[in-house]
Amino acid sequence: MAPAKVSGFYKHGNDWFFNAGLPSDLTIIVDGVNFHLHKFPLMSKCGKIASIFEELKSTHDKTFTTKLEEFPVGPDAFLFAAKFCYGIRVEFTARNIIMVYCAADFLKMTDEYGEDNLLLKSENFLHKNVLRNWKDCILALQSCESCMPRAEKLHILKKCLNAVSMMVCTDPSLFGWPMMMYGSLQSPGGSILWNGINTGARIRSAESDWWFEDISYFSVGLFERLIKTMEERGIRCELLAGAIMYYARKYLPGLGRWQSTQGGKARTVASFSLTPATVDQKVLLESIETLLPKKKGKSFCRFLLGLLRVASILGVNQTCQDSLERRIGMQLELASLDGLLIPSYSDSDALYNTDCVERIVRHFVSLESGLTLFSPPSLDLESSPSSEPLRKVARLMDSYLAEVASDVNLKPGRLRTLAEVLPESSRPLHDGLYRALDIYFKAHPWLSDGEKEELCNIIDYQKLSVDACAHASQNERLPLRVILQVLFFEQMHLRMALAGCLNVLEAESAPTGQGERAGNATAGQIVQRDGWVTVVRENRVLKVDMEKMRSRVGELEEEFSKIKQEMKRVTKSHSSLSSPRVVARKFRCKLLAKSSDAQTDVAGSTGPTPRPSVEQACSSRNSRHRKSFSLF
């Protein structure tokens, strides 16, 4: 195999040689690679090599071999330094600058051993080129993984991290960001000067998450250092949380469905030629948990629940899992049902990890939140804190109980413990508990009446709505004793409601001041029960109809009294002019017995008859007249 020559250097197998026509008198071994070099070029530039030669020259007259045990970077960086010592032109790039800087510092290539030496050149290139350019700074940081301890000791790492943190808070167009990385460039912003030419393009500087993708190529340790540096510089916590969530979603695929979608199109970093870092998912999750800010929000709570689910799969340490559960518990009112449905990955036969949910709820009950919301609208957050977090959690737990109740392996004791973990004051209605028990009894038909009655003791029947009572009274899955209790409380509710309705009616008929106060107090008690608002309204309409009927009956009674008085006057006068037909016409009433009047007229038109018969006919007419009006 022919040796490959590169700028005077060529490699043969595992050895590097310099093509100078002179035999090598110095051999340096770096990570198993042999460099056959010459003393004078290296000793004139490298203080480290000069000191080593001074120690060994007594035992080695012409040639000597040394091994650099603690060289901080690999053979490529030493080859770069050797080329510089031989006067060969070298090129500084963002990818090799930190390695070259560390190599020059280790070899003591300072101005003491030559003017404008490698260490000074490296430092100038770092400050003038790398730290002022976003792309170069990112490339330099990613390439320093192999020499991070030395870079940290020389404060190079801190300088790069500070530069990145500063540029995150700055308009990207000010530090030489390529325009092509921003797609269509149609968002508001200033025109960009590219090589001194006004292109007229406008950068999308309004997007605050433009840097998430670039830093996601860092290793876990470097990413952790960067986030801590940004936090020290005062970057908003919602941006830090967004970057952490983006990084976690990239390397923990199970978080994809728990992460809110990022606004806008994802930028590509193809021009970087970066490759994703090799990440230990367990170490990543444990590190991310320590970086998360102590804030709360809907999307953030959803992310924490997804992180807890992945933590259960990866088997992280107990400290990390406890911390995640505590974080979720302090903002449980923002959680969703699907987030709490964490599968059980242990040896348990249960479908869901109810123990984990119980611990989260206990954290919510025992700990005062003390967390503040993120600044909207960064993470799809609630606009204002909830005024009733306890009732929100109660409704969430009722839905959770109804969901897990269909698990045939769920024990009655576990269901009861989950139902009783919240205080009694958290549930104004127990319809949710009743629904969960009904689903549980349907999925567990083998339960005895005693076990069912014990579970039903968690329900306060006075807090069941009318619809729930009606359903429970006809539910064949409930024990007979429970049904009787439901019926008893249902009747009591009806009595209270009816009594309240009567009080409302009486209060409305009372004087204005007292009636309004009494009516409002009683109506307020009734309206608290579901379904009784309609009853109150219907009773008010019925009261109006009754008042109308009462006034009509009074008018009829008064008219009937007048008719009776007139009839008495007719009976005493025996006047033919005061016949019943005339009286009826006077009072605008219709007689019912018209046929009797006709017969009387016929009898009166026949020949002379005795007077008693006439009086008898008159009396009979009067009696029939009174009978007809008595129908009123």
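No experiment lies behind these values; they were computed from the predicted model shown. (Residues numbered from 1 in each chain as written. Predicted model: local features only at pLDDT ≥ 70, side-chain atom pairs only at ≥ 80, totals over all residues. Heavy atoms only, no water.)

**So, the overall build of the protein**
Basically, it comes down to this: For the purposes of this entry, the term helix denotes a DSSP run of H or I that reaches at least four residues, the term strand denotes a run of E that reaches at least two, and both are numbered from the N terminus. Exposure classes here rest on a 1.4 Å probe applied to the protein chains alone. A residue is buried below 20% of its type maximum, exposed above 50%, and partly exposed in between. In what follows, a contact means two residues having at least one pair of non-hydrogen atoms within 4.5 Å. Residue burial considers only the protein chains on display, and all accessible areas are found by Shrake-Rupley using a 1.4 Å probe.
The helix and strand inventory of the protein stands at 27 helices and 10 strands. Considering the protein as a whole, with its 632 residues, one finds that 45% of them fall into the buried category. Residue pairs in contact within the protein that sit at least 24 positions apart in sequence constitute 70% of those at least 6 positions apart. For the protein, the accessible area works out to roughly 34,300 Å², and carbon and sulfur atoms hold 53% of it.

**Side note on helix 17 (residues 389-404)**
Using the following cut-off: Helix span, as expected, comes to 1.5 Å for every residue beyond the first.
The end-to-end C-alpha distance of helix 17, which contains 16 residues, comes to 22 Å, matching closely the 22 Å that a straight helix rising 1.5 Å per residue would cover. Buried residues of helix 17: V393, A394, L396, M397, D398, Y400, L401, A402 and V404, and no others. Where helix 17 is buried, its residues touch helix 15 (337-340), helix 16 (354-366), helix 18 (412-420) and helix 19 (431-443).

**Regarding the packing of helix 16 against helix 17**
To keep things clear, this is the line we draw: Orientation is described by axes fitted as lines to C-alpha atoms, over the contacting stretch for helices, and by angles from 0 to 180 degrees between their N-to-C directions. The cut-offs work like this: below 35 degrees is roughly parallel, past 145 is roughly antiparallel, 65 to 115 is roughly perpendicular, and the gaps in between are oblique. Residue polarity is assigned by list, with Asp, Glu, Lys and Arg as charged and Ala, Val, Leu, Ile, Met, Phe, Trp, Tyr, Cys and Pro as nonpolar; anything else, Gly included, falls into the polar class.
At a minimum axis separation of 12 Å, helix 16 and helix 17 run at an interaxial angle of 170°. When the axis of helix 16 is compared with that of helix 17, the two are roughly antiparallel. Here T354, V357, V361 and F364 of helix 16 come into contact with helix 17, specifically with P389, L390, V393, M397 and Y400. For the contact of helix 16 with helix 17, the per-class residue count stands at eight nonpolar, one polar and no charged.

**Considerations on the environment of K411**
Looking at the element boundaries, K411 is found in the loop between helix 17 and helix 18. The class of K411 is exposed, set by a relative accessible area of 55%. Residues K411 and A350 lie 61 residues apart in sequence; the distance between their C-alpha atoms is 8.7 Å.

**Focus: unusual backbone geometry**
Even without being glycine, D116 reaches a positive phi, approximately 55°. Notably, H155 is not glycine yet its phi reads approximately 65°, a positive angle. In this fold, H155 is placed in the loop between helix 7 (148-153) and helix 8 (156-168).

**Remarks on the nonpolar core**
Side chains that are nonpolar tend, in soluble globular proteins, to be buried together. To keep things clear, this is the line we draw: What makes a nonpolar core is a set of buried Ala, Val, Leu, Ile, Met, Phe, Trp, Tyr and Cys residues whose side-chain atoms join them at distances within 4.5 Å.
Core analysis: the biggest nonpolar cluster contains 155 residues, and F78, I98, W211 and L332 have the highest contact counts within it. Residue contributions to this core peak at 10 residues, all from helix 11 (residues 237-251).

**Notes on the side chain of R309**
To keep it simple, the criterion reads: A positive count includes Lys and Arg, and a negative count includes Asp and Glu. His and the chain ends are not counted in either. Each salt bridge in this description consists of a side-chain nitrogen of Lys or Arg and a carboxyl oxygen of Asp or Glu lying within 4 Å of one another. Identification of polar contacts relies on pairs of N or O atoms within 3.5 Å, with a donor-acceptor requirement for protein atoms, meaning one able to donate a hydrogen and the other able to accept it, and with residues adjacent in sequence counted only if both atoms are side-chain atoms.
Checked against the element boundaries, R309 lands in helix 13 (residues 298-314). Within the buried set, R309 has no salt-bridge partner at all; the shortest N-O distance to an opposite charge, 7.6 Å, is to D338. Among the polar contacts listed, one links the side chain of R309 to the backbone oxygen of L341, at a separation of 2.7 Å.

**A closer look at the pairing of strand 4 (residues 26-30)**
Definition in use: When DSSP finds two or more bridges between two strands, those strands count as paired.
Most of strand 4 sits inside the fold, with four of its five residues counted as buried. Pairing of strand 4 with strand 5 (residues 33-37) involves five bridges; the strand directions are antiparallel. Following the sheet pairing, T27 is matched in strand 5 by H36. Connecting the antiparallel pair strand 4 and strand 5 is a turn made up of two residues, with D31 showing a positive phi of about 50°. With four bridges connecting them, strand 4 and strand 6 (residues 64-67) associate as parallel partners. Considered in strand 6, the bridge of I29 is made with K67.

**Details of the confidence of the model for the protein**
Rule in force here: Confidence of the predictor at the level of single residues is given by pLDDT, which spans 0 to 100.
Mean pLDDT over the protein stands at 76; residues scoring 70 or higher make up 69%. At the level of individual helices and strands, the protein shows its lowest average pLDDT in helix 26 (residues 594-605), which scores 39, and its highest in helix 4 (residues 97-106), which scores 95. Between residues 1-6, whose pLDDT stays under 50, and residues either more than four places distant or in other chains, the model counts 10 contacts. Segment residues 586-632 is flagged for pLDDT under 50; beyond a separation of four residues in sequence, or across chains, it makes 33 contacts in the model.

**Things to note about a nonpolar patch on the surface**
This is how it is decided: Only residues whose relative accessible area exceeds 30% and that form no salt bridge enter a patch; like-charged residues are grouped when within 9 Å of one another, and nonpolar side chains (Val, Leu, Ile, Met, Phe, Trp, Tyr) when within 5 Å.
Where nonpolar side chains cluster on the molecular surface, the patch consists of L480, L484 and L487 and spans about 290 Å² of accessible area. As for its position among the elements, L487 is in helix 22 (residues 480-509). According to the relative accessible area criterion, L487 is partly exposed, its value standing at 32%.

**Some points on the side chain of S473**
Mapped onto the secondary structure, S473 falls in helix 21 (residues 466-473). Here the side chain of S473 touches A470 through a polar contact of 2.8 Å, landing on its backbone oxygen. Non-local contacts of S473, meaning those with residues more than four positions away in its chain, are made with I483, V486, L487 and E490.

**Overview of the environment of R327**
Within the element layout of this structure, R327 appears in helix 14 (residues 318-329). The spatial distance from the C-alpha of R327 to the C-alpha of L304 is 7.8 Å, given a sequence separation of 23 residues. Ignoring any residue separated from it by four or fewer positions in sequence, one finds R327 in contact with E289, L292, P293, K294 and L304. Within the local environment of R327, its side chain forms a polar contact with the backbone oxygen of L292, the two atoms lying 3.1 Å apart.

**Regarding the pattern of salt bridges**
One pass over the structure, following the stated rule, counts 19 salt bridges. The salt bridge involving R327 is made with E289; its shortest N-O contact spans 3.2 Å. Of the two residues, R327 is situated in helix 14 and E289 in helix 12 (residues 281-291); the sequence distance between them amounts to 38 residues. Each of the salt bridges in this network shares a partner with another, and the network as a whole consists of D355, E358, R362 and R414.

**As for the packing of aromatic side chains**
Rule in force here: Stacked, edge-to-face and tilted labels apply to pairs of Phe, Tyr and Trp rings (six-membered ring for Trp) whose centres lie within 6.5 Å, assigned for plane angles under 30 degrees, over 60, and everything in between, in that order. Over a ring means this: the NZ of a Lys or the CZ of an Arg is within 6 Å of the ring centre and within 35 degrees of the ring normal.
All chains considered together, the criterion is met by 15 aromatic pairs. Here a set of aromatic residues connected by ring pairs shows up, and it is made of F35, F71, F78 and F106. The cationic tip of K250 hangs over the ring face of Y217; the distance from NZ or CZ to the ring centre is 3.6 Å. A cation sits over an aromatic face here: K452 above F441, 5.5 Å from the ring centre.

**Remarks on helix 4**
The α-helix advances 3.6 residues per turn, and as a result positions three or four apart in sequence lie on the same side. Taken across its 10 residues, helix 4 has eight buried, putting it largely inside the fold. Among the residues of helix 4, those classed as buried are I97, I98, V100, Y101, C102, A103, A104 and F106. Summarising the contacts, the buried residues of helix 4 are in contact with helix 2 (47-56), helix 3 (75-85), helix 5 (118-130), helix 6 (134-143), helix 7 and helix 8.

**Some details on the pairing of strand 3 (residues 15-18)**
Of the strand pairs in this sheet, strand 2 (residues 9-12) and strand 3 are connected by four bridges, and their pairing is antiparallel. Along strand 3, the bridge assignment pairs H12 with D15. Connecting the antiparallel pair strand 2 and strand 3 is a turn made up of two residues, with G13 showing a positive phi of about 65°. Note that strand 3 and strand 5 share three bridges and pair parallel. Considered in strand 5, the bridge of D15 is made with N34.

**Description of the environment of S299**
If you trace the backbone, S299 turns up in helix 13. In this structure, the C-alpha to C-alpha distance between S299 and A335, residues 36 residues apart in sequence, is 8.9 Å.

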